[in-house]
Amino acid sequence: MMKLSTYINLARLNRPIGIWLLMFPAWWGIALASPTWLPGFLLLLFACGAVLMRSAGCVYNDMIDKDFDAKVRRTASRPLASGEVSSKEALIVLFLLLGGSALILFSLPPSVILTGFVALGLVFLYPWMKRITYWPQLFLGLTFNIGIFMGWLSLHPELSLTPFLFYGGAILWTLGYDTIYAFQDREDDLFAGVKSSAIAISSAPKLYLSLFYGGTLVLWAMGGKQAHLGWIYWIFLGFIALHLAWQITFLKEDDPDNCLKRFKSNTYVGVLLFLGIFFSHLIPRCITL
(Lines give C-alpha, C1' and ligand atoms only; values in the text may rest on other atoms or scores of the structure.)
Protein backbone atom coordinates (compact mmCIF):
# COMPACT_ATOMS: atom_id res chain seq x y z
CA MET A 1 0.00 0.00 0.00
CA MET A 2 2.88 2.36 0.74
CA LYS A 3 4.30 1.74 -2.74
CA LEU A 4 0.90 2.37 -4.32
CA SER A 5 0.68 5.69 -2.48
CA THR A 6 4.16 6.55 -3.76
CA TYR A 7 3.13 5.83 -7.34
CA ILE A 8 0.01 7.96 -6.88
CA ASN A 9 2.25 10.81 -5.73
CA LEU A 10 4.61 10.20 -8.64
CA ALA A 11 1.74 10.53 -11.14
CA ARG A 12 0.39 13.49 -9.12
CA LEU A 13 -3.03 11.84 -8.89
CA ASN A 14 -3.25 13.25 -5.39
CA ARG A 15 -3.25 16.73 -6.94
CA PRO A 16 -5.92 16.65 -9.67
CA ILE A 17 -5.82 20.36 -10.61
CA GLY A 18 -3.54 19.57 -13.57
CA ILE A 19 -6.05 17.01 -14.86
CA TRP A 20 -8.81 19.63 -14.93
CA LEU A 21 -6.56 22.19 -16.64
CA LEU A 22 -5.65 19.63 -19.31
CA MET A 23 -9.16 18.28 -19.76
CA PHE A 24 -11.16 21.47 -20.12
CA PRO A 25 -9.49 22.73 -23.34
CA ALA A 26 -10.42 19.43 -25.01
CA TRP A 27 -13.97 19.79 -23.72
CA TRP A 28 -14.08 23.34 -25.10
CA GLY A 29 -13.08 21.99 -28.50
CA ILE A 30 -15.82 19.35 -28.34
CA ALA A 31 -18.42 21.90 -27.22
CA LEU A 32 -17.42 24.34 -29.97
CA ALA A 33 -17.67 21.63 -32.63
CA SER A 34 -20.93 20.08 -31.41
CA PRO A 35 -23.90 21.13 -33.55
CA THR A 36 -26.31 19.29 -31.25
CA TRP A 37 -26.17 17.80 -27.75
CA LEU A 38 -22.71 17.14 -26.40
CA PRO A 39 -21.46 13.57 -27.00
CA GLY A 40 -21.14 12.21 -23.47
CA PHE A 41 -18.94 9.26 -24.43
CA LEU A 42 -16.46 11.55 -26.18
CA LEU A 43 -16.29 13.82 -23.13
CA LEU A 44 -15.60 10.78 -20.94
CA LEU A 45 -12.94 9.52 -23.36
CA PHE A 46 -11.08 12.82 -23.24
CA ALA A 47 -11.43 12.97 -19.45
CA CYS A 48 -9.75 9.56 -19.18
CA GLY A 49 -7.09 10.69 -21.65
CA ALA A 50 -6.42 13.79 -19.55
CA VAL A 51 -5.88 11.66 -16.44
CA LEU A 52 -3.44 9.34 -18.21
CA MET A 53 -1.51 11.98 -20.17
CA ARG A 54 -1.21 14.44 -17.30
CA SER A 55 0.09 11.60 -15.12
CA ALA A 56 2.53 10.52 -17.83
CA GLY A 57 3.72 14.11 -18.23
CA CYS A 58 4.34 14.42 -14.48
CA VAL A 59 6.35 11.18 -14.37
CA TYR A 60 8.44 12.17 -17.39
CA ASN A 61 8.95 15.69 -16.07
CA ASP A 62 10.15 14.32 -12.72
CA MET A 63 12.53 11.93 -14.47
CA ILE A 64 14.16 14.82 -16.30
CA ASP A 65 14.06 17.28 -13.39
CA LYS A 66 14.88 15.07 -10.40
CA ASP A 67 18.21 16.85 -9.75
CA PHE A 68 16.55 20.28 -9.94
CA ASP A 69 13.61 19.10 -7.82
CA ALA A 70 15.96 18.00 -5.06
CA LYS A 71 17.15 21.63 -4.72
CA VAL A 72 13.67 23.16 -4.48
CA ARG A 73 11.87 22.95 -1.14
CA ARG A 74 8.40 22.40 -2.62
CA THR A 75 9.54 19.54 -4.88
CA ALA A 76 12.33 17.93 -2.84
CA SER A 77 9.91 15.36 -1.38
CA ARG A 78 8.71 14.10 -4.77
CA PRO A 79 9.27 10.32 -5.11
CA LEU A 80 12.07 10.51 -7.69
CA ALA A 81 13.85 13.50 -6.13
CA SER A 82 13.74 11.89 -2.68
CA GLY A 83 14.76 8.42 -3.90
CA GLU A 84 11.49 6.68 -2.96
CA VAL A 85 11.13 5.54 -6.58
CA SER A 86 13.95 4.50 -8.90
CA SER A 87 14.31 5.75 -12.47
CA LYS A 88 13.59 2.21 -13.70
CA GLU A 89 10.32 2.04 -11.76
CA ALA A 90 9.34 5.48 -13.04
CA LEU A 91 10.06 4.37 -16.62
CA ILE A 92 7.77 1.35 -16.24
CA VAL A 93 4.97 3.55 -14.86
CA LEU A 94 5.52 5.99 -17.75
CA PHE A 95 5.18 3.27 -20.38
CA LEU A 96 2.01 1.92 -18.74
CA LEU A 97 0.45 5.39 -18.74
CA LEU A 98 1.47 6.03 -22.35
CA GLY A 99 0.09 2.65 -23.34
CA GLY A 100 -3.29 3.47 -21.84
CA SER A 101 -3.23 6.86 -23.56
CA ALA A 102 -2.45 5.20 -26.89
CA LEU A 103 -5.49 2.91 -26.59
CA ILE A 104 -7.71 5.98 -26.27
CA LEU A 105 -5.93 7.97 -28.98
CA PHE A 106 -6.13 5.22 -31.60
CA SER A 107 -9.89 4.97 -31.11
CA LEU A 108 -10.25 8.49 -32.52
CA PRO A 109 -10.17 9.84 -36.11
CA PRO A 110 -6.80 9.98 -37.96
CA SER A 111 -6.54 13.78 -37.72
CA VAL A 112 -6.88 13.53 -33.92
CA ILE A 113 -4.22 10.80 -33.81
CA LEU A 114 -1.81 13.01 -35.77
CA THR A 115 -2.50 15.95 -33.46
CA GLY A 116 -1.97 13.64 -30.50
CA PHE A 117 1.53 12.80 -31.72
CA VAL A 118 2.28 16.52 -32.03
CA ALA A 119 1.08 16.94 -28.44
CA LEU A 120 3.30 14.06 -27.32
CA GLY A 121 6.31 15.72 -28.92
CA LEU A 122 5.55 18.95 -27.05
CA VAL A 123 5.21 17.02 -23.79
CA PHE A 124 8.66 15.51 -24.20
CA LEU A 125 10.22 18.88 -25.05
CA TYR A 126 8.61 20.84 -22.22
CA PRO A 127 10.94 19.91 -19.29
CA TRP A 128 13.94 21.16 -21.24
CA MET A 129 12.49 24.63 -21.79
CA LYS A 130 13.31 25.84 -18.25
CA ARG A 131 16.96 25.25 -19.09
CA ILE A 132 17.01 27.43 -22.18
CA THR A 133 14.35 30.14 -21.78
CA TYR A 134 12.68 32.24 -19.10
CA TRP A 135 9.34 31.44 -20.72
CA PRO A 136 8.75 27.70 -20.21
CA GLN A 137 5.23 28.63 -19.09
CA LEU A 138 4.53 29.86 -22.61
CA PHE A 139 5.65 26.50 -24.01
CA LEU A 140 3.41 24.79 -21.44
CA GLY A 141 0.53 26.80 -22.88
CA LEU A 142 1.29 25.43 -26.34
CA THR A 143 1.38 21.92 -24.90
CA PHE A 144 -1.47 21.89 -22.40
CA ASN A 145 -4.12 23.37 -24.67
CA ILE A 146 -3.65 21.40 -27.87
CA GLY A 147 -6.64 19.37 -26.70
CA ILE A 148 -8.80 22.16 -28.16
CA PHE A 149 -7.77 20.98 -31.63
CA MET A 150 -8.17 17.31 -30.71
CA GLY A 151 -11.68 17.86 -29.34
CA TRP A 152 -12.67 19.89 -32.39
CA LEU A 153 -11.22 17.37 -34.87
CA SER A 154 -13.08 14.54 -33.16
CA LEU A 155 -16.27 16.01 -34.64
CA HIS A 156 -15.02 18.13 -37.55
CA PRO A 157 -12.93 16.91 -40.52
CA GLU A 158 -10.73 20.02 -40.51
CA LEU A 159 -9.76 23.02 -38.40
CA SER A 160 -11.16 26.53 -38.74
CA LEU A 161 -10.28 29.92 -37.26
CA THR A 162 -12.49 29.32 -34.21
CA PRO A 163 -10.35 26.70 -32.42
CA PHE A 164 -7.20 28.71 -33.22
CA LEU A 165 -8.61 31.78 -31.49
CA PHE A 166 -9.57 29.78 -28.42
CA TYR A 167 -6.17 28.05 -28.49
CA GLY A 168 -4.38 31.41 -28.56
CA GLY A 169 -6.44 32.67 -25.63
CA ALA A 170 -5.77 29.47 -23.71
CA ILE A 171 -2.00 29.80 -24.25
CA LEU A 172 -2.04 33.24 -22.62
CA TRP A 173 -4.33 31.95 -19.87
CA THR A 174 -1.84 29.17 -19.11
CA LEU A 175 1.04 31.63 -19.21
CA GLY A 176 -0.80 33.65 -16.57
CA TYR A 177 -1.84 30.89 -14.19
CA ASP A 178 1.41 28.94 -14.43
CA THR A 179 3.41 32.11 -13.78
CA ILE A 180 1.37 32.56 -10.61
CA TYR A 181 2.18 28.94 -9.74
CA ALA A 182 5.88 29.55 -10.42
CA PHE A 183 5.99 32.43 -7.93
CA GLN A 184 6.02 29.74 -5.22
CA ASP A 185 9.49 28.61 -6.31
CA ARG A 186 11.04 31.88 -7.46
CA GLU A 187 13.78 32.06 -4.83
CA ASP A 188 14.65 28.36 -5.06
CA ASP A 189 14.65 28.51 -8.86
CA LEU A 190 17.19 31.34 -8.76
CA PHE A 191 19.38 29.25 -6.47
CA ALA A 192 19.02 26.12 -8.62
CA GLY A 193 19.51 27.97 -11.91
CA VAL A 194 16.03 27.20 -13.20
CA LYS A 195 14.42 29.76 -15.52
CA SER A 196 10.76 30.78 -15.31
CA SER A 197 8.41 33.58 -16.32
CA ALA A 198 7.95 34.36 -12.60
CA ILE A 199 11.56 35.51 -12.61
CA ALA A 200 11.24 37.27 -15.97
CA ILE A 201 8.32 39.48 -14.88
CA SER A 202 9.51 40.18 -11.33
CA SER A 203 9.80 43.92 -12.01
CA ALA A 204 6.05 44.35 -12.62
CA PRO A 205 4.19 41.05 -12.06
CA LYS A 206 0.63 42.38 -11.93
CA LEU A 207 1.12 44.46 -15.07
CA TYR A 208 2.35 41.46 -17.04
CA LEU A 209 -0.39 39.21 -15.66
CA SER A 210 -2.96 41.82 -16.68
CA LEU A 211 -1.55 41.74 -20.21
CA PHE A 212 -1.62 37.92 -20.31
CA TYR A 213 -5.16 37.62 -19.00
CA GLY A 214 -6.33 40.63 -21.00
CA GLY A 215 -5.07 38.94 -24.18
CA THR A 216 -6.90 35.79 -23.12
CA LEU A 217 -10.21 37.62 -22.88
CA VAL A 218 -9.72 39.42 -26.19
CA LEU A 219 -8.99 36.18 -28.06
CA TRP A 220 -11.86 34.31 -26.40
CA ALA A 221 -14.16 37.20 -27.30
CA MET A 222 -12.97 37.02 -30.91
CA GLY A 223 -13.44 33.25 -30.83
CA GLY A 224 -16.96 33.61 -29.48
CA LYS A 225 -17.83 36.06 -32.23
CA GLN A 226 -16.26 33.86 -34.90
CA ALA A 227 -18.25 30.87 -33.61
CA HIS A 228 -21.48 32.95 -33.48
CA LEU A 229 -22.01 32.01 -29.85
CA GLY A 230 -25.18 33.24 -28.19
CA TRP A 231 -25.70 36.03 -25.68
CA ILE A 232 -25.26 33.75 -22.68
CA TYR A 233 -21.64 33.09 -23.69
CA TRP A 234 -20.84 36.76 -23.08
CA ILE A 235 -22.30 36.57 -19.58
CA PHE A 236 -20.03 33.65 -18.74
CA LEU A 237 -17.07 35.43 -20.32
CA GLY A 238 -17.88 38.39 -18.06
CA PHE A 239 -17.73 36.10 -15.01
CA ILE A 240 -14.35 34.84 -16.23
CA ALA A 241 -13.12 38.43 -16.56
CA LEU A 242 -14.18 39.19 -12.99
CA HIS A 243 -12.50 36.06 -11.70
CA LEU A 244 -9.21 36.80 -13.50
CA ALA A 245 -9.33 40.36 -12.15
CA TRP A 246 -9.78 38.91 -8.64
CA GLN A 247 -6.73 36.70 -9.13
CA ILE A 248 -4.51 39.63 -10.07
CA THR A 249 -5.91 42.16 -7.59
CA PHE A 250 -5.48 39.96 -4.53
CA LEU A 251 -2.32 38.14 -5.62
CA LYS A 252 0.60 38.24 -3.18
CA GLU A 253 3.48 36.85 -5.21
CA ASP A 254 5.67 36.40 -2.11
CA ASP A 255 3.03 34.28 -0.34
CA PRO A 256 3.11 30.66 -1.61
CA ASP A 257 -0.29 29.78 -0.15
CA ASN A 258 -1.85 32.82 -1.80
CA CYS A 259 -0.31 31.88 -5.16
CA LEU A 260 -1.40 28.25 -4.90
CA LYS A 261 -4.98 29.25 -4.10
CA ARG A 262 -5.17 31.52 -7.15
CA PHE A 263 -3.57 28.91 -9.38
CA LYS A 264 -6.07 26.24 -8.30
CA SER A 265 -8.98 28.63 -8.82
CA ASN A 266 -8.42 28.42 -12.57
CA THR A 267 -10.58 25.31 -12.54
CA TYR A 268 -13.48 27.79 -12.34
CA VAL A 269 -12.29 29.41 -15.56
CA GLY A 270 -12.36 26.04 -17.31
CA VAL A 271 -15.86 25.30 -16.03
CA LEU A 272 -17.24 28.75 -16.86
CA LEU A 273 -15.93 28.75 -20.43
CA PHE A 274 -17.25 25.24 -21.05
CA LEU A 275 -20.69 26.13 -19.69
CA GLY A 276 -20.71 29.38 -21.66
CA ILE A 277 -20.11 27.54 -24.92
CA PHE A 278 -22.52 24.72 -24.05
CA PHE A 279 -25.43 26.92 -22.96
CA SER A 280 -24.98 29.28 -25.91
CA HIS A 281 -25.73 26.25 -28.12
CA LEU A 282 -28.34 24.71 -25.84
CA ILE A 283 -30.64 27.66 -25.07
CA PRO A 284 -31.40 28.65 -28.72
CA ARG A 285 -32.24 24.99 -29.46
CA CYS A 286 -34.59 24.85 -26.46
CA ILE A 287 -36.30 28.07 -27.54
CA THR A 288 -36.85 26.76 -31.08
CA LEU A 289 -38.32 23.56 -29.69
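Residues numbered from 1 in each chain as written. Predicted model: local features only at pLDDT ≥ 70, side-chain atom pairs only at ≥ 80, totals over all residues. Heavy atoms only, no water.

Points about the overall build of the chain
Short version of the rule: The numbering of helices and of strands both runs from the N terminus, where a helix is a DSSP run of H or I of at least 4 residues and a strand a run of E of at least 2. Radius of gyration here is computed from C-alpha atoms only, and the compact-globule reference equals 2.2 Å multiplied by the residue count raised to the power 0.38. For each residue, the accessible area found with a 1.4 Å probe, counting protein chains only, is set against the maximum for its type, and the residue is called buried under 20%, exposed over 50%, and partly exposed in between. When checking whether two residues touch, look at their non-hydrogen atoms; a contact exists if any pair is within 4.5 Å. Shrake-Rupley sampling with a 1.4 Å probe provides the accessible areas, and residues are treated as covered by the protein chains on show and by no other component. His is not counted, nor are the chain ends, whereas Lys and Arg count as positive and Asp and Glu as negative. Each charge is placed at NZ for Lys, CZ for Arg, CG for Asp and CD for Glu.
Secondary structure assignment for the chain yields 15 helices and zero strands. Taken over C-alpha atoms, the radius of gyration comes to 19 Å for the chain, in line with the 19 Å a tight globule of 289 residues would show. If one aligns the C-alpha atoms of the chain with their principal axes, the spans along those axes are about 60 × 45 × 35 Å. In the chain, which comprises 289 residues, the share counted as buried stands at 55%. Sequence-distant contacts, at least 24 apart, represent 74% of the contacts inside the chain between residues at least 6 apart. When the accessible surface of the chain is split by element, carbon and sulfur atoms take 71% of a total near 13,300 Å². A distance of 4 Å separates the average location of the 21 positive side-chain charges in the chain from that of its 16 negative side-chain charges.

Thoughts on the nonpolar core
Test applied: Among buried residues, those of type Ala, Val, Leu, Ile, Met, Phe, Trp, Tyr and Cys that are joined through side-chain atoms within 4.5 Å constitute a nonpolar core.
If you look at the biggest cluster of nonpolar residues, it comprises 73 residues, and the most contacted ones within it are Trp 27, Trp 28, Phe 166, Trp 173, Trp 220 and Ile 277. A per-element tally of this core places helix H2 (residues 17–33) first, with 13 residues. The residues touching Ile 277, leaving out its near neighbours within four places in the chain, are Trp 28, Ala 31, Leu 32, Phe 166, Leu 229 and Tyr 233. Grouped together as the second largest cluster of nonpolar side chains are 11 residues, Ala 56, Ala 90, Val 93 and Leu 94 included.

Some points on the packing of aromatic side chains
Just so we agree on the cut-off: Note on ring pairs: Phe, Tyr and Trp rings are taken, using the six-membered ring of Trp, and paired if centres are within 6.5 Å. Classes follow the plane angle, with under 30 degrees stacked, over 60 edge-to-face and the rest tilted.
Applying the stated criterion across every chain, the model contains 21 aromatic pairs. With 5.5 Å between their ring centres and 45° between their planes, Trp 28 and Trp 173 make a pair best called tilted. Here Trp 28 is found in helix H2, whereas its partner Trp 173 is found in helix H9 (residues 161–182), with 145 residues between them in sequence. Each member of the pair, Trp 28 as well as Trp 173, carries the same accessibility label: buried. Connected via pairs of aromatic rings, a cluster forms that spans Trp 20, Phe 24, Trp 27, Phe 236, Phe 239, Phe 274, Phe 278 and Phe 279.

Some thoughts on H2
Convention followed: Multiply 1.5 Å by the residue count of a helix minus one, and that product is the helix's expected span.
With 17 residues, H2 should reach 24 Å at 1.5 Å per residue; the first-to-last C-alpha distance of 25 Å fits that figure. With respect to burial, H2 is a largely interior element, 16 of its 17 residues being buried.

Focus on helix H12 (residues 205–226)
If you check H12, its first and last C-alpha atoms are 31 Å apart, about what 22 residues at 1.5 Å a residue would give, namely 32 Å. Among the residues of H12, Pro 205, Leu 209, Phe 212, Tyr 213, Gly 215, Thr 216, Trp 220, Gly 223 and Gly 224 are the ones counted as buried. Following H12 by one or two positions, His 228 has its phi on the positive side, about 60°.

Some points on the packing of H2 against H9
Put simply, the test is: Fitted lines through C-alpha atoms serve as axes, helices being fitted only where they are in contact, and the angles separating the N-to-C directions of these axes extend from 0 to 180 degrees. These descriptions rest on fixed angle ranges, namely under 35 degrees for roughly parallel, over 145 for roughly antiparallel, 65 to 115 for roughly perpendicular, and the rest for oblique. Each crossing gets its hand from how the near helix is turned against the far one by less than a right angle, where anticlockwise is left-handed and clockwise is right-handed.
At a minimum axis distance of 11 Å, the contact between H2 and H9 shows a crossing angle of 160°. When the interaxial angle is binned, H2 and H9 end up roughly antiparallel. At the point where H2 passes H9, the crossing takes the right-handed sense. For the pair H2 and H9, the contacting residues are Leu 21, Trp 28 and Leu 32 in the first and Thr 162, Phe 166, Ala 170, Trp 173 and Tyr 177 in the second.

Re a nonpolar patch on the surface
Quick reminder of the rule: Think of a patch as exposed residues, more than 30% relative accessible area, with no salt bridge, where like charges cluster within 9 Å and nonpolar side chains (Val, Leu, Ile, Met, Phe, Trp, Tyr) cluster within 5 Å. Salt bridge, as applied in this entry: a Lys or Arg side-chain nitrogen positioned within 4 Å of an Asp or Glu carboxyl oxygen.
Nonpolar side chains collect at one region of the surface, where Leu 4, Ile 8, Leu 13 and Val 51 lie side by side and expose about 290 Å² of accessible area between them. For Leu 4, the position within the fold is in helix H1 (residues 2–10). Looking at Leu 4, the relative accessible area reads 48%, which means it is partly exposed.

Re the side chain of Asp 178
The topology assignment puts Asp 178 in helix H9. Those residues in contact with Asp 178 that lie beyond four places of it in its chain are Tyr 126, Gln 137, Leu 140 and Phe 263.

Points about the pattern of salt bridges
Using the criterion set out here, one finds six salt bridges in the structure. One salt bridge in this structure joins Asp 254 and Arg 186, with 2.7 Å as the shortest N-O distance. Placement of Asp 254 in the loop between helix H13 (231–249) and helix H14 (256–264) and of Arg 186 in helix H10 (residues 186–192) is noted, with a sequence separation of 68 residues between them. By relative accessible area, Asp 254 is classed as exposed at 66%. Overlapping salt bridges, with partners in common, bring together Arg 12, Asp 62 and Arg 78 in one network.

Remarks on the packing of H12 against H13
The cut-off we apply is this: For this classification, the nonpolar set comprises Ala, Val, Leu, Ile, Met, Phe, Trp, Tyr, Cys and Pro, the charged set comprises Asp, Glu, Lys and Arg, and every other residue, Gly included, is treated as polar.
Contact geometry for H12 and H13: axes closest at 10 Å, N-to-C directions at 175°. Relative to H13, the element H12 is oriented roughly antiparallel. Residues Lys 206, Leu 209, Ser 210, Tyr 213, Leu 217, Trp 220, Ala 221, Gly 224 and Lys 225 of H12 form the contact with H13, whose participating residues are Tyr 233, Trp 234, Leu 237, Ile 240, Ala 241, Leu 244, Gln 247, Ile 248 and Thr 249. When grouped by side-chain class, the residues that make up the contact of H12 with H13 number 12 nonpolar, four polar and two charged.

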